[in-house]
Amino acid sequence: MIREIITYPDRRLFMRSNEVESFDSELHKLLDDMYETMIAKNGIGLAAIQVAVPLRALIINLPDEEGKQHKEDLLELINPVIIESKGTQIYTEGCLSVPEYYEDVERAEWVRVEYQDRFGNKKSLETDGLLAVAVQHEMDHLDGHLFIEKLPYLKRKKFEKEWKKKRTAKKSGVKV
Ligand SMILES: CC(=O)Oc1ccc(/C=C/C(=O)NCCc2ccccc2)cc1OC(C)=O
Ligand SMILES: [Co+2]
């Protein structure tokens, strides 16, 4: 089922999520609900804390060249750890928990990640480009970090000004 996505500045987004211990049907239900929710909201990545479950689980489903997402490309990373990272790249990121805000973020170009799949089997993944960005963005959520925390000072100030303006406008019912 589609679950509610918690958004900035909900304090839970800044919590550290706990290791997944049991790879049971409850975990599988959570992963299935995360997928339904992410697709319904046009997302390409989602961490469990974004649906208010503080577990170290994330999913990523990048679109193909035509911009279509295929479930067979779905990645489910549980208890992921970045073993090695190389280089740098800049990408304009967005996040379902920080709606309508996009900003350039610098991250590693290539990463090697060890993780478990939904059955607890140990896996390893090496990737670069957009998938490496998505892995790093989603893994930050597991440690309670949002991409807006990586912005240089002035861009962070710009975000806070814009966000307050939208919030007051929403309160007074004015559509911005
Ligand atoms: C209005 C609004 O909030 O727009 C959106 C913002 C973000 C997103 C999705 C963001 C997302 O999936 N981020 C995953 C992390 C990530 C960021 C950059 C590259 C790889 C992985 C979707 C939105 O909805 C629409 C209709 O575009
Ligand atoms: Co995010």
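Structure first, text after, so check above.
Residues numbered from 1 in each chain as written. Chains lettered and ligands numbered in written order. Predicted model: local features only at pLDDT ≥ 70, side-chain atom pairs only at ≥ 80, totals over all residues. Heavy atoms only, no water.

A. Main features of the site of ligand 1. Not every one of the 18 residues close to ligand 1 is listed here, only the nearest: Ile-44, Gly-94, Glu-100, Tyr-102 and Glu-138. Residue Gly-94 places a main-chain N or O atom 3.0 Å away from a nitrogen atom belonging to ligand 1. Contact with the protein chains hides 77% of the accessible area of ligand 1, taken as 630 Å² for the molecule alone. At the level of elements, strand S4 (89-95), strand S5 (98-107) and helix H2 (129-142) are the ones that each hand at least two residues to the shell around ligand 1. No other element matches the five residues that H2 contributes to the shell around ligand 1. In terms of residue class, the shell around ligand 1 is made up of nine nonpolar, five polar and four charged. (Near = heavy atom within 4 Å. Polar contact = N/O pair within 3.5 Å; in protein donor to acceptor, adjacent residues only side chain to side chain. Areas by Shrake-Rupley, 256 points an atom, 1.4 Å probe, with all protein chains shown as cover. Helix = DSSP H or I, 4+ residues; strand = E, 2+ residues; numbered from the N terminus. Nonpolar A, V, L, I, M, F, W, Y, C, P; charged D, E, K, R; others polar.)

B. Broad picture of the coordination of the cobalt ion (ligand 2). Coordination of the cobalt ion (ligand 2) by the protein is provided by Cys-95 (SG), His-137 (NE2) and His-141 (NE2), with metal-donor distances spanning 2.1 to 2.2 Å. In primary-sequence terms, the residues that donate to the cobalt ion (ligand 2) follow C-x41-H-x3-H. Here His-141 lies in helix H2 and Cys-95 lies in strand S4, a separation of 46 residues in the sequence. (Donors = N, O, S within 2.8 Å, 3.2 Å for Na, K, Ca; no water.)

C. View of the pairing of S4. Direction of pairing for S4 relative to S5: antiparallel, over a ladder of six bridges. Bridging from a neighbouring strand, Gln-89 pairs with Arg-107 of S5. The antiparallel pairing of S4 with S5 creates a hairpin that spans two residues between the two strands. (Pairing = 2+ DSSP bridges.)

D. A look at helix H3 (residues 153-171). If you check H3, its first and last C-alpha atoms are 27 Å apart, about what 19 residues at 1.5 Å a residue would give, namely 27 Å. Listed in full, the buried residues belonging to H3 are Phe-159, Glu-160 and Ala-169. Buried residues along H3 sit in contact with S5. Count one or two residues on from H3 and you reach Gly-173, which has phi positive near 80°. (Expected span 1.5 Å × (residues − 1). Buried < 20%, exposed > 50% of the residue type's maximum accessible area, 1.4 Å probe, protein only. Contact = heavy atoms within 4.5 Å.)

E. Just the sheet that holds strand S1 (residues 45-47), in detail. Reading across the sheet, the five strands line up as S1-S2-S3-S6-S7 and stay open at both edges, with antiparallel pairing between neighbours. Single-partner strands in this sheet number two, and they are S1 and strand S7 (122-128). On average, adjacent strands in this sheet sit at an angle of 35° to one another, irrespective of strand direction. Relative to the sheet, helix H1 (residues 25-40) contacts S1, strand S2 (57-60) and strand S3 (75-86), its axis offset from that of S2 by approximately 40°. Set on the sheet, H2 makes contact with S1, S2, S3, strand S6 (110-116) and S7; between it and S2 the angle comes to about 155°. (Axes fitted to C-alpha atoms, helices over the stretch in contact; angles between N-to-C directions.)

F. Fine view of the side chain of Arg-56. You can see Arg-56 is positioned in the loop between S1 and S2. For Arg-56, a relative accessible area of 6% translates into the label buried. Only 3.0 Å separates the side chain of Arg-56 from the backbone oxygen of Leu-142, close enough to count as a polar contact. At 2.8 Å, the side chain of Arg-56 forms a polar contact with the side chain of Asp-143. Beyond its immediate chain neighbours, meaning those up to four positions away, Arg-56 contacts Arg-16, Ser-17, Asn-18, Glu-19, Val-20, Leu-77, Ile-78, Asn-79, Pro-80, Leu-142 and Asp-143.

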